[in-house]
Amino acid sequence: MNDLTGAGPARTRAFLGAGLVLVSCLSVQASAALASTLFDRLGAPAVAGLRQLCAALVLMVLVRPRVRGHTRQEWAGMVVYGAAMAVMNVAYYGAVGHLPLGVAATLLFLGPFVVAVASARTWREALLPAVGLVGVVLVTEPGGTVAWAGIAFGLLSALALACYTVFAQRVGRASSGLEGLAVSVGISAMLLLPFSLPAAPSANGSDWGLVAVSGIVGVALAFTLDFRAVKMAGARVVATLFSLDPLMGALIGALALAESLSAPVLVGMGLIVSAGAAATWRAERLPVSPMPSSTDRS
């Protein structure tokens, strides 16, 4: 896959990146639904920390990243990337604990939405994430009592996801493989130890099974796919494609929880898919850049 992350036609790379984001969004939403069953017993921050720890162990074993030889700039990028992961996980699970999954995912999308608009070079490029945002609002069908704590957690998760998206690209430029990602996930797990360690003795065998699956699918797999996608298609295209997250949440709710899909939800899904497809198709205009080496600078 390394041969595709930085070389080849821009549109081809964008479509491959879009496929990775699609699987990543599905992994994130499915794992969030799975992990949420542990919130009442262990607490959302503890669950986020435990699954991050499991993901870090898996990536450390598979990637075996080097610790020495990184520049201060590379370490700074990995630390910020890891911190963004930690904050995003805790804040998003905090939002899910107070809000419906689709609404929490909508607030989360505000982060990459800002990234996509800020990096747009023309008004047409800024229009695509805006269309996706309208679709997200329709999918989540806002209304009812406002849970301000959930809103606050959701906005914090959005800010963290914006940093996550930007620094995924910066860390990716400094590493040709998954080394930077593995180190960043390890940093994230270390930052969450104050939450995960106290809760570890309270987790039983079934809890650990759910945490392990959620960590592998929702963190190790999803973050790896995001990392590759950003290297293939760039932060702007991937930020627009993150609008698929609420769509996946709605689909999972319909399939797993037998929730009905109203006409506005279906229209919103159409807008999201259209915005993502258009952003991917227009990526043909992106410049083709060589695959970065470990000596590149952000």
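Everything here concerns the structure above.
Worth saying up front: this structure is predicted, and the values here are computed from it rather than measured.

Participant: Honestly, the overall build of the chain in this entry has me stumped. Any pointers?
Facilitator: Of regular secondary structure, the chain possesses 14 helices and 0 strands. Of the regular secondary structure in the chain, the N- to C-terminal order runs α-α-α-α-α-α-α-α-α-α-α-α-α-α. Counting all 298 residues of the chain, 53% fall into the buried class. The long-range share in the chain, meaning contacts at least 24 apart out of those at least 6 apart in sequence, stands at 89%. When the accessible area of the chain is evaluated, it comes to approximately 12,800 Å², of which 70% is carbon and sulfur surface.

Participant: Could you clarify how one ought to interpret the side chain of N89 in this entry?
Facilitator: Note that N89 resides in helix α5 (residues 72-98). At 2.7 Å, the side chain of N89 and the backbone oxygen of M85 are in polar contact. Other than its neighbours up to four places away in sequence, N89 contacts A48, R51, Q52, V219 and F223.

Participant: How do you make sense of the nonpolar core when you look at a structure like this?
Facilitator: The biggest cluster of nonpolar side chains holds 73 residues, and the ones touching the most others in it are Y81, Y93, Y164, V185 and F223. Sequence-distant contacts of F223, that is, excluding residues within four places in its chain, are made with Q52, M85, M88, N89, Y164, L181, V185 and G218.

Participant: Would you take a moment to explain the pattern of salt bridges for this structure?
Facilitator: Opposite charge on two side chains permits pairing when their charged atoms draw close. Under the counting rule described, the total for this entry stands at 2 salt bridges. In this structure, the salt-bridge partner of R41 is D207, at a minimum N-O distance of 2.2 Å. Taken together, the residues R41 in helix α3 (residues 39-42) and D207 in helix α11 (residues 205-233) connect sequence positions 166 residues apart. Among the salt bridges present, the one from E179 reaches R66, with a minimum N-O distance of 3.1 Å. Taken as a pair, E179 in helix α9 (residues 179-191) and R66 in the loop between α4 (44-63) and α5 lie far apart in primary sequence, 113 residues in all.

Participant: Could you clarify how one ought to interpret the packing of α5 against α9 in this entry?
Facilitator: Helix packing geometry: the angle between the two helix axes and the distance between the axes. With their axes 7 Å apart at the nearest point, α5 and α9 run at an angle of 55° to one another. When the interaxial angle is binned, α5 and α9 end up oblique. Judged by the twist between their axes, the crossing of α5 over α9 is right-handed. Between α5 and α9, the residues in contact are W75, M78, V79, Y81, G82, A83, M85 and A86 and G180, L181, V183, S184, V185, I187, S188 and L191, respectively. For the contact of α5 with α9, the per-class residue count stands at 12 nonpolar, 4 polar and no charged.

Participant: Could you clarify how one ought to interpret the side chain of S27 in this entry?
Facilitator: Checked against the element boundaries, S27 lands in helix α2 (residues 10-35). A relative accessible area of 6% places S27 in the buried class. Within the local environment of S27, its side chain forms a polar contact with the backbone oxygen of V23, the two atoms lying 2.9 Å apart. The residues contacting S27, other than those within four sequence positions of it, are V217, G218, L221 and A222.

Participant: Mind showing me how you'd approach the environment of P264 here?
Facilitator: Assignment of secondary structure puts P264 in helix α14 (residues 263-281). Here P264 falls in the partly exposed class, since its relative accessible area comes to 38%. Considering only alpha carbons, one finds P264 and L138, 126 residues apart in sequence, at a separation of 5.6 Å.

Participant: Sorry if this is basic, but what is going on with unusual backbone geometry here?
Facilitator: Trans peptide bonds make up most of the peptide bonds, and negative phi angles are found at most residues other than glycine. Look at R64: it is not a glycine, yet its phi comes out positive at around 50°. Of note, R64 is situated in the loop between α4 and α5.

Participant: Sorry, what's going on with a nonpolar patch on the surface here?
Facilitator: Together, V87, L156 and L159 make up a nonpolar patch on the protein surface, roughly 250 Å² of accessible area in all. Tracing the sequence through the fold places L159 in helix α8 (residues 148-173).

Participant: For this particular structure, what's the right way to read the environment of L161?
Facilitator: Take L161: it is sitting in helix α8. Overall, L161 belongs to the buried group, its relative accessible area being 4%. Put simply, L161 and Y92 are 69 residues apart on the chain and 9.6 Å apart in space, counted from C-alpha to C-alpha. Residue contacts for L161: discarding those within four places in its chain leaves M88, L108, P112 and F242.

Rules used in this analysis
- Each chain carries its own residue numbering, running from 1 in the written order of its sequence.
- Only residues with pLDDT of at least 70 are given local features in this predicted model, and only at 80 or more are side-chain atom pairs given and counted; all residues enter the totals for whole chains, interfaces and linings.
- Neither water nor hydrogens contribute to the side-chain values; these are computed over all heavy atoms in the structure.
- For the purposes of this entry, the term helix denotes a DSSP run of H or I that reaches at least four residues, the term strand denotes a run of E that reaches at least two, and both are numbered from the N terminus.
- Buried, partly exposed and exposed residues are distinguished by accessible area as a fraction of the type maximum, computed with a 1.4 Å probe on protein chains only: under 20%, between the cut-offs, and over 50%, respectively.
- Contact criterion: two residues are considered in contact whenever any of their non-hydrogen atoms come within 4.5 Å of each other.
- Where accessible areas are quoted, they stem from the Shrake-Rupley method and a 1.4 Å probe; at the residue level, only the protein chains shown are allowed to cover.
- Throughout this description, a polar contact denotes any pair of N or O atoms lying within 3.5 Å of each other; where both atoms belong to protein, one of them has to be capable of donating a hydrogen while the other can accept it, and for residues adjacent in sequence the pair is counted only when both atoms sit in side chains.
- Nonpolar core, defined: a set of buried Ala, Val, Leu, Ile, Met, Phe, Trp, Tyr and Cys residues in which side-chain atoms within 4.5 Å join the residues together.
- Note on definitions: salt bridges are taken to be side-chain nitrogens of Lys or Arg within 4 Å of carboxyl oxygens of Asp or Glu.
- Axes here refer to lines fitted to C-alpha atoms; in helices the fit is confined to the stretch in contact. Angles between the N-to-C directions go from 0 to 180 degrees.
- Each angle gets one of four labels, with under 35 degrees taken as roughly parallel, over 145 as roughly antiparallel, 65 to 115 as roughly perpendicular, and the rest as oblique.
- Note on convention: the crossing is left-handed when the near helix lies turned anticlockwise from the far helix by less than a right angle, right-handed when the turn is clockwise.
- When residues are grouped by polarity, Ala, Val, Leu, Ile, Met, Phe, Trp, Tyr, Cys and Pro land in nonpolar, Asp, Glu, Lys and Arg in charged, and all others, Gly among them, in polar.
- Exposure above 30% relative accessible area and the lack of any salt bridge qualify a residue for a patch; like charges then connect within 9 Å, and the nonpolar side chains Val, Leu, Ile, Met, Phe, Trp and Tyr within 5 Å.

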